[in-house]
Amino acid sequence: MRAKHRRSALRTIGFLSPWLIGFSVFFAYPLIATVYFSFMKYDGFTDPTWVGLKNWRYVFQDSPFFWPALSNMVWLILVMVTLRVAFGLGIGLLITKVRTGAGIFRTLFYLPYLAPPVAATMAFVFLLNPGTGPTNTILGKLGLGTPDWFNDAAWSKPSLTILALWGIGDLMVIFMASLLDVPKEQYEAAELDGANAWHRFRYITLPNISPIVLFAVITGMIATMQYYTEPLVAAKVASGVIGGSGQHFEPGYPDKSTLTVPQVVYNLGFQRFDTGAACVVALVLFVLAMVCTGFLMRRRSGFMSAED
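Here's what I pulled together on the structure shown here. (Residues numbered from 1 in each chain as written. Predicted model: local features only at pLDDT ≥ 70, side-chain atom pairs only at ≥ 80, totals over all residues. Heavy atoms only, no water.)

### Re the overall build of the protein
Alright, step 1. A tally of regular secondary structure across the protein gives 13 helices and 2 strands.
Alright, step 2. Oriented by its inertia axes, the alpha-carbon framework of the protein measures out at about 80 × 75 × 30 Å.
Alright, step 3. A buried classification covers 36% of the 308 residues belonging to the protein.
Alright, step 4. Contacts spanning at least 24 positions in sequence make up 67% of the contacts within the protein whose residues lie at least 6 apart. (Helix = DSSP H or I, 4+ residues; strand = E, 2+ residues; numbered from the N terminus. Buried < 20%, exposed > 50% of the residue type's maximum accessible area, 1.4 Å probe, protein only. Contact = heavy atoms within 4.5 Å.)

Next up, the structure:
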């Protein structure tokens, strides 16, 4: 019996070995190494030396970038993720109601999502240029305000949000698939009972698509915690530092308003060669992602119906 159980265990491990190898190489080892280096002074060239909690104190007490980046991350999660989910759901609802030309609208809304992030961000910065951009020219002719957009700390994050809403095609497709899967019989029964459009959405559509809403919120939150390319490119283009060797650029222009936590990790680890402090920030980001995801999963009853 022991030999039989041993063979069964070895067979199970053999089937699991691809996942075990991938998990060990790409998750477990990097995580353990990150924890290890967070207590070390290491610049990537010399041997690491033990410094205890010095890196942690530096990040939480002395770093000029960590807390502004964390504040920006919270703002983007609360505003950008919420608006993306609401906007994607709204566009999905509209297209599912279109009788003719739905394929054309579906394509038009999805195409921006396929645009390369760097090219799309650069185009948006030029469109929203406060001096020469067509957006402010049109707003000025209409007698409306002309913000400085990416050159103003108060408008830089809203500008990034507009860019994120422009590339809403991924969420639109996901929500459309879930909306088309809602049983039509439930809508017909609700109409016979005299339910209006809001009641049909509140009591039929939303409970049926609640797992997809939860999925969109969690994946959007994690993606925002990893937000790097768009704010960095926007800050560089808006500040005039768009390329060339030897140019030094501190992330977060203007006034740290576009600074994100992944930018802090890169700045500390690859520009300042402070690997220990970069590992501390990476661990904080990892813990925050796990805690927020766990909280949303525990509170999934607010998104999902009782039957789920």
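### Notes on the packing of aromatic side chains
Alright, step 1. In the structure shown here, the tally under the stated rule is 18 aromatic pairs.
Alright, step 2. An angle of 55° between the planes, with centres 5.4 Å apart, marks the rings of F124 and W166 as tilted. Here F124 is found in helix 5 (residues 117–127), whereas its partner W166 is found in helix 7 (residues 156–166), with 42 residues between them in sequence.
Alright, step 3. Take F124: its relative accessible area is 11%, and that puts it in the buried class.
Alright, step 4. A residue is classified by how much of its surface remains accessible, and W166, at 36% relative accessible area, is partly exposed. (Phe/Tyr/Trp six-rings, centres within 6.5 Å; stacked < 30°, edge-to-face > 60°.)

### Focus on a positive patch on the surface
Alright, step 1. A surface patch of like charges, here positive, comprises R2, K4, R6, R7 and R11.
Alright, step 2. Tracing the chain through its elements places R11 in helix 1 (residues 2–37). (Patch = residues over 30% accessible without salt bridge, like charges linked within 9 Å, V, L, I, M, F, W, Y side chains within 5 Å. Areas by Shrake-Rupley, 256 points an atom, 1.4 Å probe, with all protein chains shown as cover. Salt bridge = Lys/Arg side-chain N within 4 Å of Asp/Glu carboxyl O. Lys, Arg positive; Asp, Glu negative; His and termini not counted. Charge placed at Lys NZ, Arg CZ, Asp CG, Glu CD.)

### Remarks on the pattern of salt bridges
Alright, step 1. Applying the stated criterion across every chain yields a total of 1 salt bridge.
Alright, step 2. A salt bridge links D170 to R84; the nearest nitrogen and oxygen atoms lie 3.1 Å apart. One end of the pair, D170, is in helix 8 (residues 169–180); the other, R84, is in helix 3 (residues 66–97), with 86 residues separating them in the sequence.
Alright, step 3. Residue classification places R84 among the buried residues on the basis of a relative accessible area of 16%.

### Thoughts on the nonpolar core
Alright, step 1. Ranked by size, the top nonpolar core spans 39 residues in total, and within it M73, V85, F175, M225, V261, V264 and V281 carry the most contacts.
Alright, step 2. When contributions to this core are tallied by element, the ones reaching two or more residues are helix 3, helix 8, helix 9 (184–192), helix 10 (197–225), helix 12 (261–271) and helix 13 (275–298).
Alright, step 3. Top contributing element to this core by residue count: helix 10, with 10 residues.
Alright, step 4. The next biggest cluster of nonpolar side chains, apart from the first, holds 16 residues, and it includes M80, V125, A164 and V233. (Core = buried A, V, L, I, M, F, W, Y, C linked by side-chain atoms within 4.5 Å.)

### Thoughts on the side chain of S38
Alright, step 1. If you trace the backbone, S38 turns up in the loop between helix 1 and strand 1 (40–41).
Alright, step 2. Given the relative accessible area of 0%, S38 is considered buried.
Alright, step 3. Discounting residues that sit within four places of it in the chain, S38 has contacts with G52, N55, W56, G276, C279, V280 and L283.

### Looking at unusual backbone geometry
Alright, step 1. A cis amide bond, omega -5°, links Y253 with the succeeding residue P254.
Alright, step 2. Structurally, P254 is set in the loop between helix 11 (229–239) and helix 12.
Alright, step 3. Residue D255 is not a glycine yet carries a positive backbone phi of 55°.
Alright, step 4. Looking at where D255 falls in the secondary structure, it is placed in the loop between helix 11 and helix 12.

### Describing the environment of G167
Alright, step 1. For G167, the location among the structural elements is in the loop between helix 7 and helix 8.
Alright, step 2. On the accessibility criterion, G167 (14% relative accessible area) is buried.
Alright, step 3. With 80 residues separating them in the primary sequence, G167 and F87 have C-alpha atoms 11 Å apart.
Alright, step 4. Leave out the neighbours within four places in its chain, and G167 touches R84, P112 and Y113.

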